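# A closer look at the structure
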Amino acid sequence: MLRLSGAAPGAGARSRCSLLLLWLGIRLCSASSGRYPWAEHYGTKSRYEGLGAEPLPGTSWLAPANCTALHLNAVVRHGTRYPTRKNVPRMREIHQLIREQGDQGNSLVQALVGWHMWYNERMDGNLHPLGTSEMVRLAKQLATSFPALFTARAYRESRLKFLTSSKHRCVNSTRSFIQGLESHLNLRDQAGGQWEVNDRLLRFFDHCQKFINRVENNNTALHQVELFKRGPEMERVMRNMGKKLGISPEALTTNMVEATFYLCTYEFILKGIVSPWCDVFEKEDVEVLEYLGDLKQYWKRSYGYKINGLSSYRLFQDLFQYMDQTIEESERNQSISHTAVIRFGHAETLLPVLTLMGYFKDDYPLLANNFEAQKGRKFRSGWISPFAANLVLVLYRCSKARGLGDKYKLQLFLNEKPLPFPHSGNLVTDYEDVKYSYEHLTESLKFNNVCDDYSYFHFILFLLLLLLFLIYY
């Protein structure tokens, strides 16, 4: 258990932390002087701490009875990073406002004025040392759990395949993972430590024209987010923040509020401390800000628009193509070409894939006007895709099978915890059943480019024809 400076957590704090660990299995609570850093509400900037947690009963990597691991497929989000370039000026802006307009007799304002602004644009989302440790730890965890797949021979023969986004935090996460694997396997020659940059697969959102036109470059796509920013919940947060700092709420913007929340978040995830920036908010405020972040992810990366999930279809098909190849080689008694394929991407890579698979879908959409009703929502981006999040699919070959249908089984893990399959609710399912349940995604979409935006193309063509008509007539 991480212990911050200050008094030890009280019994109530310990109880809440234990319940949360038992419930999620991926979150670690911390307290300082009886105060909480609200770590469970940090959204996609949450700290991944399941790697260091003791496995819960029934949630280990154990193989099903009479089955042997044959192949592992993974999509991993990069490790913990520094703030990106666009967030640093916003942090600097709120810090300057507090120094100029804050109530200087207020102890909280004094603490914030005296706080050193150590973030800078050069950091620009670079991998933090903690992120390096997370990747090294994950590599060792997977290699320990699946020793038959992660062998020195497989590594040297390049049967362990690594793919990454071109972003430096992903490339460096890949390097760190490989270094962890080399250390675990006691390898020094780095003979198999190559990786492939594949943005079309891992940054598919940059190459899907329909997503770009209808969501990314659509000013109305995040309408619900903008409504929520102007809604009563955010107004209350800004009033509370202004009151605590002695600043008129009219001087604050939602960007400033979010920047303050980021400062609280990053001080905790990068330094492991509860910063005075966290004292600007009450728990109710933080829940509102978490919902704001989830709204953005929901409408831009998940169930808000169908194209969000569909944009990841090539990556989804890639997962199954490797597993199909593995089964074909197994049936021919051939050596398995790839015992593991590990891909390193972003939260924006992982969330659409899980959406396409049907996970974490609520009965009702997340909207600007149903914050209270959605307090118990399934879609919590911080629980789904914190830094270093990982989706792992393990394909098994089982003895005593009655036929090909139950000879190969599949197990899925999210952040090292088994995740039931949506179609059956089972933790382990026949591979053929899983593939059949996703047949509309693995087969029918092979011959359709769902990312071609024909309606957009036709609209442009119509405008060109209209322009030609006006010119000549």
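This write-up is about the structure you can find in this document. Just so you know, these numbers come straight off a predicted model, no measurement behind them. (Residues numbered from 1 in each chain as written. Predicted model: local features only at pLDDT ≥ 70, side-chain atom pairs only at ≥ 80, totals over all residues. Heavy atoms only, no water.)

### Here we look at the overall build of the chain
The criterion, for reference: Strands are runs of DSSP state E lasting at least 2 residues, helices are runs of H or I lasting at least 4, and numbering of each runs from the N terminus. Accessibility here uses a 1.4 Å probe with only protein chains present; expressed as a share of the type maximum, an area under 20% marks a residue as buried, one over 50% as exposed, and anything in between as partly exposed. In what follows, a contact means two residues having at least one pair of non-hydrogen atoms within 4.5 Å. Surface accessibility in these figures is a Shrake-Rupley result with a 1.4 Å probe; residues are shielded only by whichever protein chains are displayed.
When helices and strands are tallied, the chain shows 19 helices and eight strands. Classification of the 473 residues of the chain by burial places 55% in the buried group. Within the chain, residue pairs in contact and separated by at least 24 positions form 78% of the contacts whose partners lie at least 6 positions apart. Here the chain has roughly 21,300 Å² of accessible surface; of this, 52% comes from carbon and sulfur atoms.

### Digging into the state of the cysteines
Basically, it comes down to this: When the sulfur atoms of two cysteines come within 2.5 Å, that pair is taken as a disulfide.
Applying the stated rule across the entire model yields three disulfides. Here Cys67 engages in a disulfide with Cys398; their sulfurs sit 2.0 Å apart. Linking Cys67 and Cys398, the disulfide has an S-S dihedral of approximately 105° and is accordingly described as right-handed. With Cys67 in strand S1 (residues 67–77) and Cys398 in strand S5 (residues 390–398), this pair connects stretches of sequence that are 331 residues apart. When the bonded cysteines of the chain are counted from the start of the sequence, the pairing works out to 1-5, 2-6, 3-4.

### Observations concerning the pattern of salt bridges
So the rule is basically this: Just to be clear on terms, a salt bridge is a Lys or Arg side-chain nitrogen sitting within 4 Å of an Asp or Glu carboxyl oxygen.
Evaluation of the coordinates by the stated rule reveals 23 salt bridges. Residue Glu216 is joined to Arg301 by a salt bridge in which the shortest nitrogen-to-oxygen separation is 3.9 Å. Placement of the pair is Glu216 in helix H8 (residues 209–216) and Arg301 in helix H12 (residues 283–301), with a sequence separation of 85 residues. Residue classification places Glu216 among the partly exposed positions, given a relative accessible area of 35%. What you see here is one network of salt bridges that share partners, running through Glu226, Lys229, Glu258 and Lys296.

### As for helix H10 (residues 232–245)
For clarity, the threshold we go by: The length a helix should cover is 1.5 Å for every residue beyond the first.
End to end, H10 covers 20 Å across 14 residues, agreeing with the expected 20 Å (1.5 Å per residue, within 8%). Looking at H10, one finds that the buried residues are Glu233, Met234, Val237, Met238, Met241, Gly242 and Leu245. In the core, the buried residues of H10 are packed alongside helix H2 (87–101), helix H3 (107–113), helix H9 (223–229), helix H11 (254–271) and H12.

### Describing the pairing of strand S4 (residues 340–345)
The following threshold applies: Strand pairing is assigned whenever DSSP detects at least two bridges linking the two strands.
Of all six residues in S4, six are buried, a share of seventy percent or more. Examined bridge by bridge, strand S2 (residues 160–164) and S4 share five bridges and lie parallel to one another. Residue pairing in the sheet places Phe162 in a bridge with Ile342 of S4.

The quantities given are spatial measurements derived from coordinates; they are silent on function.
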